[in-house]
Amino acid sequence: MESQERSANRIAVQPLKRLIWQLGLPMVVSMILQAVYNIVDTVFVINMGEDGVAGNLALTYVFPIQLLMIAVGVGTGIGINALLAKNLGEGDAEGAARTAGNGIFLAVCLYAAFLLFGFFGAEWFVRLQANGNEQVIEMGTVYLRICCVFSFGSIGYAVYERFLQSTGKTAYSTAAQITGALLNIVLDYVFIYPCGRGIAGAAWATVIGQIASLGIAMALHYGLNREIDGSPRYIRPRGGVMLQIYRIGASAAIMQALLSVMMFGMNLILGLAQNAEVLTGSFGIYYKIMQFALFAFFGLSNTIITVLSFNYAMQDRSRVRQTIFWGIVDSLVVAVVITVLFEIFASPLAALFAMASGEAGEEIKSVVVTAVRIAAIGYVFMAFSVAVQGVLQAFRYAVRPLVISLLRLVVVVLPVAWLFTLSANAVDTVWWSLVIAEVVTAAVSAGILVDVYRRKVRPMEGSPAPRG
């Protein structure tokens, strides 16, 4: 009976070329919508008038913590997703229920940590970067405190989303995410302009949208996810289950958290350059625009993790090979499309951030256009590296995907960016550091992938692939 249930799971039987798109597109949309929250806030805030440029700087300085929040939620979710896929692939219903229950327990613990940081660490963190600009410090503290104190929406959704994705119900998780993102857009306008709440209004719009997404995802999980027993008794913490979640999830969380480290490091480096405020503000905007590309690649990488984990657990060598091939090919296709769109629409994208912010906003717009057009050259290399990370995580490697992230986000980009800031025309050249980092990392990722294929996939050649 269990074998029949496994065979009925479309992850086990559906053609991979079609399956990765069917599962991947909702995940891509879901991940991109993570970026919508931050970019929409920035668009509305920078166009507040005379306070817009200061508001954009405030959002740039708090963004590393928002990235960290996403990192721990997504990283934990990836660990949950990989373990759930393994449980379901093996027909272990009890194990799947324990994994889900411990995922909820971990979400509560993570929320408690951000709650405390919101009360006691928000101002300190903004002040570290703001060079004594009290207006920016005040605005950043207000925004960050609200986002941290009410972060249970963001963290909780990251977990419940994975419950739906692990059973192939990606469309439901995407519907929940879309609802929250649309609500955020509407409330951003209402709270910032008619209600006059300024940057605090942007923060409230964000957390309300996240909480709405969580509520919908919970309702869909408990109402439709029959494959996972949602009984509260499984929330009891089990050290062994949490350890298994974080064998994959910890490295994934650290990899995502390195986005926060990179953002924080770049803020400090650019703050030392000539035209520091223009460079820092422009980088903050560019990085949020770039997240549309990066999160799309993460969505496909997460699809690779789900499908590859399931079929590797079943020791289906043919589907393992196909998953790796199509996962990487599809990631590259998406990267080419995004690169072309960014090159074409760099100016209109940047114009969103200069509609009402005066001369300073126009200067920032010009720099953002340059940043987008240069950095987009590296997106194909970025997509390849992120796809390889998904393969490595599905095979339950922890260190190797972390090495890839360290290269992309710290080891190469920060020293090279610092060198570029020493030049007189840093506003035009510093963005090449992002391209250089992607090219170097992709070359290393290719070598790692070849070695892992030899170790993990080739030994399966002589063994029969179990079916039913």
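All of the points below concern the structure found in this document.

Definitions and limits used
Residues numbered from 1 in each chain as written. Predicted model: local features only at pLDDT ≥ 70, side-chain atom pairs only at ≥ 80, totals over all residues. Heavy atoms only, no water. Bend = angle between axes of the 7 residues up to and from the residue. Helix = DSSP H or I, 4+ residues; strand = E, 2+ residues; numbered from the N terminus. Buried < 20%, exposed > 50% of the residue type's maximum accessible area, 1.4 Å probe, protein only. Disulfide = S-S within 2.5 Å. Contact = heavy atoms within 4.5 Å. Axes fitted to C-alpha atoms, helices over the stretch in contact; angles between N-to-C directions. Parallel < 35°, antiparallel > 145°, perpendicular 65-115°, else oblique. Left-handed = near helix turned anticlockwise from the far one by under 90°. Nonpolar A, V, L, I, M, F, W, Y, C, P; charged D, E, K, R; others polar. Core = buried A, V, L, I, M, F, W, Y, C linked by side-chain atoms within 4.5 Å. Phe/Tyr/Trp six-rings, centres within 6.5 Å; stacked < 30°, edge-to-face > 60°. Lys NZ or Arg CZ within 6 Å of the ring centre and 35° of its normal. Polar contact = N/O pair within 3.5 Å; in protein donor to acceptor, adjacent residues only side chain to side chain.

Quick word on helix α12 (residues 276-313)
The largest bend in α12 is about 35°, located at Gln-291. Most of α12 is tucked away: 34 of the 38 residues are buried. Downstream of α12 by a residue or two, Gln-315 has a phi angle that is positive, lying close to 55°.

Notes on the state of the cysteines
Applying the stated criterion across every chain, the model contains zero disulfides. Cys-109 takes part in no disulfide bond, and the closest cysteine sulfur, belonging to Cys-148, lies 17 Å away. In this model Cys-147 remains outside any disulfide bridge; the closest cysteine sulfur is found in Cys-148, 7.0 Å from its own. By relative accessible area, Cys-147 is classed as buried at 3%.

Notes on the side chain of Thr-42
Considering the arrangement of structural elements, one finds Thr-42 in helix α3 (residues 16-46). Overall, Thr-42 belongs to the buried group, its relative accessible area being 1%. Those residues in contact with Thr-42 that lie beyond four places of it in its chain are Asn-56, Leu-59, Ile-285, Lys-288 and Phe-353.

As for the packing of helix α13 (residues 317-351) against helix α15 (residues 379-394)
Between α13 and α15, the least distance of the axes is 8 Å, while the angle of their chain directions is 150°. As summarised for this structure, α13 and α15 are arranged roughly antiparallel, according to the angle between their axes. Helix-helix and strand crossings are classified by hand; for α13 and α15 the assignment is right-handed. Residue-level inspection shows Ile-324, Gly-327, Ile-328, Ser-331, Leu-332, Ala-335, Val-336, Ile-338, Thr-339 and Phe-342 of α13 in contact with α15, the latter providing Tyr-379, Val-380, Ala-383, Phe-384, Ala-387 and Val-391. Residue classes in the contact of α13 with α15 are distributed as 13 nonpolar, three polar and no charged.

Overview of unusual backbone geometry
For Asn-131, which is not glycine, the phi dihedral falls at a positive 50°. Among the secondary structure elements, Asn-131 is positioned in the loop between α6 (122-129) and α7 (134-149). One non-glycine residue, Arg-396, adopts positive backbone phi at about 70°.

Points about the side chain of Ser-309
Counting through the fold element by element, Ser-309 comes out in helix α12. In this structure Ser-309 comes out as buried when scored by relative accessible area, which is 7%. Among residues more than four places away in sequence, those in contact with Ser-309 are Ala-82, Ala-85, Ile-304 and Ala-394.

Focus on the environment of Ser-347
Examined against the element boundaries, Ser-347 turns out to sit in helix α13. When the C-alpha positions of Ser-347 and Phe-292 are compared, they lie 16 Å apart, and in sequence the two are 55 residues distant. Setting aside residues no more than four positions away along its own chain, Ser-347 makes contact with Lys-365, Val-369 and Arg-373.

Describing the nonpolar core
Ranked by internal contacts, the top residues of the largest apolar core, which has 130 residues, are Phe-163, Phe-283, Tyr-286, Tyr-287, Phe-297, Tyr-379 and Trp-431. Sort the elements by how many residues they give to this core and helix α4 (residues 52-89) lands first, with 20 residues. Counting residues in each nonpolar core, the second largest holds 20 residues, with Val-320, Val-391, Ile-404 and Val-457 among its members.

Regarding the packing of aromatic side chains
Scanning the entire structure with this criterion turns up 18 aromatic pairs. An aromatic cluster is defined as three or more aromatic residues linked by ring pairs; in this entry it consists of Phe-63, Phe-283, Tyr-286, Tyr-287 and Trp-431. Directly above the aromatic system of Phe-63 lies the positively charged group of Lys-288, at a separation of 5.0 Å from the ring centroid.

Observations regarding the environment of Arg-408
Of note, Arg-408 is situated in helix α16 (residues 399-411). Distance from Arg-408 to Ala-97, taken between C-alpha atoms, is 36 Å for residues 311 residues apart in sequence. Contacts of Arg-408, omitting those with residues within four sequence positions, involve Leu-294, Met-382, Ser-385, Val-413, Ala-437, Glu-438 and Thr-441. At 3.0 Å, the side chain of Arg-408 and the side chain of Glu-438 are in polar contact.

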